[in-house]
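For reference, the chains in residue letters:
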Amino acid sequence: NKMNEEKFDLRFMGKLDLQQIERATQYQRRTRLGGRLISLSLFFIIMYFLIYNALDNVSDYSQLNLFLLSAGTVLVGGGIGVLAGKMAIRNRLKATFQSTLRKGYVGEYAVNHIGIQIKVKDEYEFFEWKSFMSAHEFEDMFLLVVNKYSYMPIPKSFFRTKEEIDTFKKILSHHVRNFRT
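*Asks:* Summarise the environment of glutamate 139; cite the residues concerned and give the values.
*Replies:* Residue position: glutamate 139 is located in the loop between β5 (134-137) and β6 (141-145). Between the alpha carbons of glutamate 139 and proline 155 there is a distance of 9.4 Å; along the sequence they are 16 residues apart.

*Asks:* If you had to explain the packing of aromatic side chains to someone new, which residues and values would you point to?
*Replies:* All told, the structure shown has 14 aromatic pairs when counted by the stated rule. Where phenylalanine 12 meets tyrosine 109, the ring centres are 5.0 Å apart and the plane angle is 10 degrees; that geometry is what we call stacked. In this pair, phenylalanine 12 is assigned in strand β1 (residues 10-14) and tyrosine 109 in strand β2 (residues 107-111), connecting sequence segments 97 residues apart. The class for tyrosine 109 is buried, based on a relative accessible area of 8%. Measuring from centroid to centroid gives 5.6 Å for phenylalanine 12 and phenylalanine 168, while their planes differ by 75 degrees, and the two rings are edge-to-face. With phenylalanine 12 in strand β1 and phenylalanine 168 in helix α4 (residues 162-175), this residue pair connects regions lying 156 residues apart in the sequence. Like phenylalanine 168, phenylalanine 12 is buried. Positioned above the aromatic ring of phenylalanine 142 is the side chain of lysine 156, whose terminal nitrogen or guanidinium carbon lies 5.4 Å from the ring centre.

*Asks:* Explain helix α1 (residues 18-31) to me, using residue names and the numbers behind them.
*Replies:* Between its first and last C-alpha atoms α1 spans 20 Å; for 14 residues at 1.5 Å apiece the expected length is 20 Å, and the two agree. Within the span of α1, buried status applies to Gln20, Ile21, Glu22, Ala24, Thr25, Tyr27 and Gln28. Measuring from the side-chain oxygen of the N-cap residue of α1 to the backbone nitrogen of glutamine 19 gives 3.2 Å; that N-cap residue is aspartate 17.

Rules and cut-offs
Residues numbered from 1 in each chain as written. Predicted model: local features only at pLDDT ≥ 70, side-chain atom pairs only at ≥ 80, totals over all residues. Heavy atoms only, no water. Helix = DSSP H or I, 4+ residues; strand = E, 2+ residues; numbered from the N terminus. Phe/Tyr/Trp six-rings, centres within 6.5 Å; stacked < 30°, edge-to-face > 60°. Buried < 20%, exposed > 50% of the residue type's maximum accessible area, 1.4 Å probe, protein only. Lys NZ or Arg CZ within 6 Å of the ring centre and 35° of its normal. Expected span 1.5 Å × (residues − 1). Polar contact = N/O pair within 3.5 Å; in protein donor to acceptor, adjacent residues only side chain to side chain.

Written out as structure tokens, the structure is:
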């Protein structure tokens, strides 16, 4: 749904590169860190007790040795899992980038009090502000979060002036319910 051309308060354009997408993904993970830490902590505690009890039933190790062996197994396994997860995310990002964004299309953005319109080639997509769960400002970009897995990175390099960045920040603070700088 293409909006009427003269109804926009701010226009900017730019093309995302792989480095910007990787940073946006890191920022997005950082915004969800609290829930992830709780889940990982519970996972490690449960795994520790399972391994500890399994070893306790089949061995004559001392309490200290059981503790060290169980904790070491959980930490090494968890470390390998985290590294494998990071590598999988990075590979997925590269594949996505190479299949879609590498084509070099520049996005044209138009913003007003209703939402943000993105035009790539001749296709328009419009997002109302209420469709974003939150928005975050980082040193080099804005991150508009649609849901747990979907987000829209907008690098500050897309703007021509500091005034445009300030205008965009003001619009976000007025229209996105959870805007954090």
